[in-house]
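Chain by chain, the residues:
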Amino acid sequence: MWHTATLSSTDVRTAYQLLGRILQHESRQQGFDLAATQDVDFHEDIIYSGSALLAPATSTAWEQIQWSEGGTAQLLQHLEGYFSNVARNVRRTYLRPFVIVTTNMSKELAARGVEPRDHRGSTQELGPWV
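Residues numbered from 1 in each chain as written. Predicted model: local features only at pLDDT ≥ 70, side-chain atom pairs only at ≥ 80, totals over all residues. Heavy atoms only, no water.

A.B. asks: Got a minute to help me understand the environment of Val90 in this structure?
C.D. replies: Within the secondary structure, Val90 sits in helix α4 (residues 71–93). Sequence separation between Val90 and Gly31 is 59 residues, and the spatial gap between their C-alpha atoms is 8.2 Å. (Helix = DSSP H or I, 4+ residues; strand = E, 2+ residues; numbered from the N terminus.)

In structure tokens:
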């Protein structure tokens with residue numbers, strides 16, 4: 001969880017690089033080697049971290065990152081790769097389908113035949129990344 005009101009450009013770049021590496025690593029894991037099978041809050045932490053990085057207040061930092069690195073498109077590719085891998089592993093790992101909505105992005109993961117439910121237990125439909 002972020003404890004400062006704003007993130008510096010260096011903070012955004014470092015967090016972007018770290019999150020990208022974590023997502024790449026987790027995209028190669030299978031079954032119970034996935035961090036989400038050991039840490040119940042892992043998906044939520046990933047999404048909230050991504051949301052904090054994509055906050056409008058970080059746009060200046062992203063202009064620099066877009067120029068020098070893969071930027072937001074690469075971050076979203078890493079997120080898609082990771083969650084695609086999670087979807088392939090849902091039934092083998094007993095991970096539950098979920099819906100996470102944040103200020104700057106949202107993600108839904110549903111196993112075939114299982115509808116995701118929000119924290120109140122009601123079904124909620126979301127499109128792709130928002």
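A.B. asks: Hey, could you run me through the pattern of salt bridges in this one?
C.D. replies: Two side chains bearing opposite charge may form a pair once their charged atoms approach each other closely. Tallied over the entire structure, the rule returns one salt bridge. A salt bridge links Glu69 to Arg13; the shortest N-O distance between them is 2.6 Å. Of this pair, Glu69 sits in the loop between α3 (59–68) and α4 while Arg13 sits in helix α1 (residues 9–27); the two residues are 56 residues apart in sequence, bridging distant segments of the chain. Overall, the relative accessible area of 24% leaves Arg13 in the partly exposed class. (Salt bridge = Lys/Arg side-chain N within 4 Å of Asp/Glu carboxyl O. Buried < 20%, exposed > 50% of the residue type's maximum accessible area, 1.4 Å probe, protein only.)

A.B. asks: What's the story with the packing of aromatic side chains in this structure? I'm lost.
C.D. replies: The geometry of an aromatic ring pair is captured by two quantities: the separation of the ring centres and the angle between the planes. With the rule as written, the count across this model stands at three aromatic pairs. A ring pair is formed by Phe42 and Tyr82, whose centres lie 5.9 Å apart and whose planes are at 70°; its orientation type is edge-to-face. Here Phe42, found in helix α2 (residues 42–53), pairs with Tyr82, found in helix α4; they are 40 residues apart in sequence, far enough to count as distant. Each residue in the set Phe42, Tyr82 and Phe83 is aromatic and connected to the rest through ring pairs, giving one cluster. (Phe/Tyr/Trp six-rings, centres within 6.5 Å; stacked < 30°, edge-to-face > 60°.)

A.B. asks: In this structure, what is going on with the nonpolar core? I would like to understand it.
C.D. replies: Nonpolar side chains in soluble globular proteins generally cluster together in the buried interior. Core analysis: the largest hydrophobic core is formed by 24 residues, its most contacted members being Val12, Leu23, Ile46, Trp62, Leu75 and Tyr82. Per element, the largest residue contribution to this core is six residues, and it comes from α4. The residues contacting Leu75, other than those within four sequence positions of it, are Tyr16, Leu19, Leu23, Leu54 and Trp62. (Core = buried A, V, L, I, M, F, W, Y, C linked by side-chain atoms within 4.5 Å. Contact = heavy atoms within 4.5 Å.)

A.B. asks: Quick question: what am I supposed to make of the side chain of His43 here?
C.D. replies: With respect to the secondary-structure elements, His43 resides in helix α2. Residue His43 is classed as buried on the basis of its relative accessible area, which comes to 10%. At 3.3 Å, the side chain of His43 forms a polar contact with the side chain of Tyr82. (Polar contact = N/O pair within 3.5 Å; in protein donor to acceptor, adjacent residues only side chain to side chain.)

A.B. asks: Would you explain the environment of Arg13 in this entry?
C.D. replies: Sequence separation between Arg13 and Ile65 is 52 residues; the distance between their C-alpha atoms is 6.9 Å. Non-local contacts of Arg13, meaning those with residues more than four positions away in its chain, are made with Gln64, Ile65, Ser68 and Glu69. Polar side-chain contacts of Arg13 include one of 3.1 Å to the side chain of Ser68.

A.B. asks: Sorry if this is basic, but what is going on with a negative patch on the surface here?
C.D. replies: There is a patch of like negative charges on the surface, built from Asp39, Asp41, Glu44 and Asp45. Positionally, Asp39 belongs in the loop between α1 and α2. (Patch = residues over 30% accessible without salt bridge, like charges linked within 9 Å, V, L, I, M, F, W, Y side chains within 5 Å. Areas by Shrake-Rupley, 256 points an atom, 1.4 Å probe, with all protein chains shown as cover. Lys, Arg positive; Asp, Glu negative; His and termini not counted. Charge placed at Lys NZ, Arg CZ, Asp CG, Glu CD.)

A.B. asks: Would you take a moment to explain the packing of α3 against α4 for this structure?
C.D. replies: In helix packing, the relevant descriptors are the interaxial angle and the interaxial distance, both defined with respect to the helix axes. Between α3 and α4, the least distance of the axes is 7 Å, while the angle of their chain directions is 85°. With respect to each other, α3 and α4 are oriented roughly perpendicular. On α4, the residues touching Trp62, Ile65 and Gln66 of α3 are Gly71, Thr72, Ala73 and Leu75. Classifying every residue of the contact of α3 with α4 gives four nonpolar, three polar and no charged. (Axes fitted to C-alpha atoms, helices over the stretch in contact; angles between N-to-C directions. Parallel < 35°, antiparallel > 145°, perpendicular 65-115°, else oblique. Nonpolar A, V, L, I, M, F, W, Y, C, P; charged D, E, K, R; others polar.)

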